[in-house]
Amino acid sequence: MSALTIRDADPAQDAAACAAVYAPYVETTPISFEEQPPDATEMRSRIERVVAGHPWLIGEDEGEVVGYAYASRLQERPAYRWTAEVSVYIAAEKRGRGYGQALYEALFERLRQQRFQLAWAGITMPNEASVRLHERLGFTRIGISSRIGWKAGRWHDVSWWQMELVPASAEPPPEPLPPGPPPPPGYH
């Protein structure tokens, strides 16, 4: 893996690059169930919404945005507030270099700092690379929704995955914290 720099997203600075990374997933795969890729304006709006409560991280290699990972609210009901839905996207020509894992690991650390308890992900099937990544990072498949999405001329299943960010406890969890600045290097 080349030297990957991971930093917080800047909606104005990073929207176009994130839209460019994401567009091929929408246009050429069933991985995203969107039918039209968002433009930079829409991506900026999405980043702004997410960073109000969750991290959105950018991965750069030699100043070039090569991917991003973010967390978002799983459901609107208050009892879900300790669980974050997570996603990672890497530019097609940069896959297989460990960038997805590095971005996810940084994202999970930020979620732990914010007191989130669980990370949750959905994977449109088939997607063996994403399954391997999630398994390698400690996710467990918890279910599957059959024929849940129609794209690219056929039905697709979505498998659902979760990972404990902190060990389970019977005690009431502390409230999640708002996003803050990244921790200093070496902080644990």
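Here goes a summary of the coordinates provided. (Residues numbered from 1 in each chain as written. Predicted model: local features only at pLDDT ≥ 70, side-chain atom pairs only at ≥ 80, totals over all residues. Heavy atoms only, no water.)

**A few points about the packing of aromatic side chains**
Line of reasoning, step 1. The full count for this structure, using the stated rule, is 11 aromatic pairs.
Line of reasoning, step 2. Ring geometry for tyrosine 22 versus tyrosine 89: centroids 5.0 Å apart, planes at 75 degrees, classification edge-to-face. Placement of the pair is tyrosine 22 in helix H1 (residues 11–28) and tyrosine 89 in strand S4 (residues 83–90), with a sequence separation of 67 residues. Here tyrosine 22 matches tyrosine 89 in class, with each residue buried.
Line of reasoning, step 3. Ring centres 4.9 Å apart and planes at 75 degrees place the aromatic pair tyrosine 25 and tyrosine 89 in the edge-to-face group. With tyrosine 25 in helix H1 and tyrosine 89 in strand S4, the pair connects residues that are 64 residues apart, well separated along the chain.
Line of reasoning, step 4. A network of ring pairs unites the aromatic residues Tyr22, Tyr25, Trp56, Tyr68, Tyr70 and Tyr89 as a single cluster.
Line of reasoning, step 5. Over the aromatic face of tryptophan 155 sits the side chain of arginine 147, whose NZ or CZ is 4.6 Å from the ring centroid. (Phe/Tyr/Trp six-rings, centres within 6.5 Å; stacked < 30°, edge-to-face > 60°. Helix = DSSP H or I, 4+ residues; strand = E, 2+ residues; numbered from the N terminus. Buried < 20%, exposed > 50% of the residue type's maximum accessible area, 1.4 Å probe, protein only. Lys NZ or Arg CZ within 6 Å of the ring centre and 35° of its normal.)

**Some points on helix H2 (residues 40–51)**
Line of reasoning, step 1. Between its first and last C-alpha atoms H2 spans 16 Å; for 12 residues at 1.5 Å apiece the expected length is 16 Å, and the two agree.
Line of reasoning, step 2. Restricting attention to buried positions, one finds in H2 the residues Met43, Ile47 and Val50. The buried residues of H2 occupy an angular sector of 65 degrees when the element is viewed end-on, so they sit on one face. Exposed positions of H2 whose direction lies more than 90 degrees from the buried face are Thr41 and Arg49.
Line of reasoning, step 3. In the core, the buried residues of H2 are packed alongside H1, strand S2 (56–61) and strand S3 (64–73). (Expected span 1.5 Å × (residues − 1). Arc of directions from axis to C-beta. Contact = heavy atoms within 4.5 Å.)

**A look at unusual backbone geometry**
Line of reasoning, step 1. Cis geometry marks the peptide bond from methionine 125 to proline 126, where omega comes out at 0 degrees.
Line of reasoning, step 2. Mapped onto the elements of the fold, proline 126 is located in the loop between strand S5 (118–124) and helix H4 (128–136).
Line of reasoning, step 3. Of note in this structure, glutamate 62 is not a glycine but carries a positive phi near 55 degrees.
Line of reasoning, step 4. Position of glutamate 62 relative to the elements: it lies in the loop between S2 and S3.
Line of reasoning, step 5. On the accessibility criterion, glutamate 62 (80% relative accessible area) is exposed.
Line of reasoning, step 6. Of note, the phi angle at arginine 147 is positive, near 50 degrees, even though the residue is not glycine.
Line of reasoning, step 7. Along the chain, arginine 147 falls in strand S6 (residues 140–151).
Line of reasoning, step 8. Taking the relative accessible area as the measure of exposure, arginine 147 reaches 51% and is therefore exposed.

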